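Inside the fold
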Number of protein chains: 2
Amino acid sequence: MAQQEVQNGGAEKVASAGAVTFTAVKPQLLVEAPKANDAVQFYKAAFGAEEVGRSLHPKRKAEQETPLVLSAELQLGGFTIFVSDLPVDSATAGKTAGGAVVLCLETDEVEAAIAKAVAAGAVAEGEVVEGEGACCVGRVGKVKDPYGFLWSICSSGKKCASAEAEAVA
Amino acid sequence: MAQQEVQNGGAEKVASAGAVTFTAVKPQLLVEAPKANDAVQFYKAAFGAEEVGRSLHPKRKAEQETPLVLSAELQLGGFTIFVSDLPVDSATAGKTAGGAVVLCLETDEVEAAIAKAVAAGAVAEGEVVEGEGACCVGRVGKVKDPYGFLWSICSSGKKCASAEAEAVA
């Protein structure tokens, strides 16, 4: 029923809205303020992320010694992630709004990557397993970082089975 | 203090773990089972996502008419996202484990993208604003999808101010 509505409504509006082109998908991690800067340092140490830009919260610059991070832009594996302070007054909205998202990091060095993340302060969740996991078939382990985010560290270049996708498409 | 520990611990272990190379960061959206398939249909209608692969939960294939989705691989703006059913027995773990993540979608057609997503069943959160937002400077609006995930639809090609990043690096 809900799916039917989506399909009908979607098809009707696609014509009026035209084709929309997206150029990127970039995860933004909302960190309890004012820990975004700590989180950025952690992602540098744990994953070798590189900070390429940062904007500060304009309303907080003059009021606090530690200005809140509106958005820190990190490069990681050729991809972009943003890290932002979630101000306390919007913390409830942010926590309840988001569904659960796991960030899959692809690498050929799964064990070494997990060891490095754990050394930097992440907590391993379970063992490294073969054959099932978030990022489809392959070797995968999970870590939870000190800011509450879950990362799947998985072997790169593995794809979902496309045959099954065709069967259900 | 915590940051100090991370830096010391990180630097020490980097040498032993060596440099780890990541090749990709891919968000995985955990959807309350068995709604992952509905969510995939929604992302096709709302964002024009293309499903390129799907794997089903091996333990559920024979037990249920609607097998759970272990991972559906979607292409969106040249990026990959995964959509997975979160089985009920792990729902609590998944919900509490993840920090809040917003998915930033870059496009030159912010208003049209939001209209199309809303037509497909998303709910707009606030107005489109200029000059501040999740994905740094630019035009940005937010929608919440029927599965609880927050998307920032923002104008593409905008960067964080790098001067500020240098000042705090």
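The rules we used
Residues numbered from 1 in each chain as written. Chains lettered and ligands numbered in written order. Predicted model: local features only at pLDDT ≥ 70, side-chain atom pairs only at ≥ 80, totals over all residues. Heavy atoms only, no water. Helix = DSSP H or I, 4+ residues; strand = E, 2+ residues; numbered from the N terminus. Contact = heavy atoms within 4.5 Å. Areas by Shrake-Rupley, 256 points an atom, 1.4 Å probe, with all protein chains shown as cover. Salt bridge = Lys/Arg side-chain N within 4 Å of Asp/Glu carboxyl O. Buried < 20%, exposed > 50% of the residue type's maximum accessible area, 1.4 Å probe, protein only. Arc of directions from axis to C-beta. Axes fitted to C-alpha atoms, helices over the stretch in contact; angles between N-to-C directions. Left-handed = near helix turned anticlockwise from the far one by under 90°. Nonpolar A, V, L, I, M, F, W, Y, C, P; charged D, E, K, R; others polar. Core = buried A, V, L, I, M, F, W, Y, C linked by side-chain atoms within 4.5 Å. Pairing = 2+ DSSP bridges.

An unreviewed UniProt entry lists chain A under the name Glyoxalase-like domain containing protein, from Senna tora.

**Quick notes on the overall build of chain A**
Secondary structure summary: chain A contains 5 helices and 8 strands in total. Considering only contacts in chain A between residues 6 or more positions apart, those separated by 24 or more positions represent 52%. Accessible area of chain A: about 7400 Å², with a carbon and sulfur share of 52%.

**Re the pattern of salt bridges**
According to the stated counting rule, one finds 10 salt bridges over all chains in the structure shown. We note a salt bridge from Lys 44 of chain B to Glu 51 of chain B, for which the minimum N-O separation is 3.6 Å. One salt bridge connects Glu 51 of chain B with Arg 54 of chain B, and the closest N-O pair in it is separated by 2.7 Å. Relative accessible area serves as the criterion here: at 3%, Arg 54 of chain B is assigned to the buried category. Through salt bridges that share partners, Lys 44, Glu 51 and Arg 54 of chain A make up one connected network.

**Observations regarding the side chain of Ser 84 of chain B**
With respect to the helices and strands, the residue Ser 84 of chain B is situated in strand 4 (residues 79-86). Setting aside residues no more than four positions away along its own chain, Ser 84 of chain B makes contact with Gln 28, Leu 29, Leu 30, Val 31, Ala 36, Val 69, Leu 70 and Ser 71 of chain B.

**A closer look at helix 4 (residues 110-120) of chain A**
All names here are of chain A. What helix 4 keeps buried is the set Val 110, Ala 113, Ile 114, Lys 116, Ala 117 and Ala 120. Mapping the buried residues of helix 4 onto a view down its axis gives an arc of 165°, with all of them on the same face. Directly beyond the C-terminal end of helix 4, a positive phi value near 130° is found at Gly 121.

**Concerning the packing of helix 2 (residues 36-47) of chain A against helix 4 of chain A**
Residues and elements named next belong to chain A. Between helix 2 and helix 4, whose axes approach to 8 Å, the crossing angle comes to 145°. Considering how the two elements wind past one another, helix 2 and helix 4 form a crossing that is right-handed. Contacts between helix 2 and helix 4 involve Phe 42, Ala 45, Ala 46 and Phe 47 on the former and, on the latter, Lys 116, Ala 117 and Ala 120. In terms of residue class, the contact of helix 2 with helix 4 is made up of 6 nonpolar, no polar and 1 charged.

**Considerations on the nonpolar core**
Residues Tyr 43 and Trp 151 of chain A together with Tyr 43, Phe 47 and Trp 151 of chain B are the most contacted members of the largest nonpolar core, which totals 73 residues. Among all residues touching Tyr 43 of chain A, those that are not within four sequence positions of it are Leu 29, Gly 48, Ala 49, Leu 74, Val 83, Asp 145, Tyr 147, Phe 149 and Trp 151 of chain A.

**Observations regarding the sheet that holds strand 2 (residues 50-56) of chain B**
Ordered by their spatial adjacency, 8 strands build an open sheet running 6(A)-7(A)-8(A)-5(A)-1(B)-4(B)-3(B)-2(B), and the pairing between neighbours is mixed. Each edge of the open sheet is held by one strand with a lone partner, namely strand 6 (123-130) of chain A together with strand 2 of chain B. Strand-to-strand twist of the sheet, defined as the mean angle between neighbouring strand axes without regard to direction, takes the value 20°. Inspection of the sheet shows strand 5 (residues 100-107) of chain A paired to strand 8 (residues 150-155) of chain A by 6 bridges, in the parallel sense.

**Some thoughts on unusual backbone geometry**
Pro 34 of chain A follows Ala 33 of chain A through a cis peptide bond whose omega is 0°. For Pro 34 of chain A, the location among the structural elements is in the loop between strand 1 (22-32) and helix 2.

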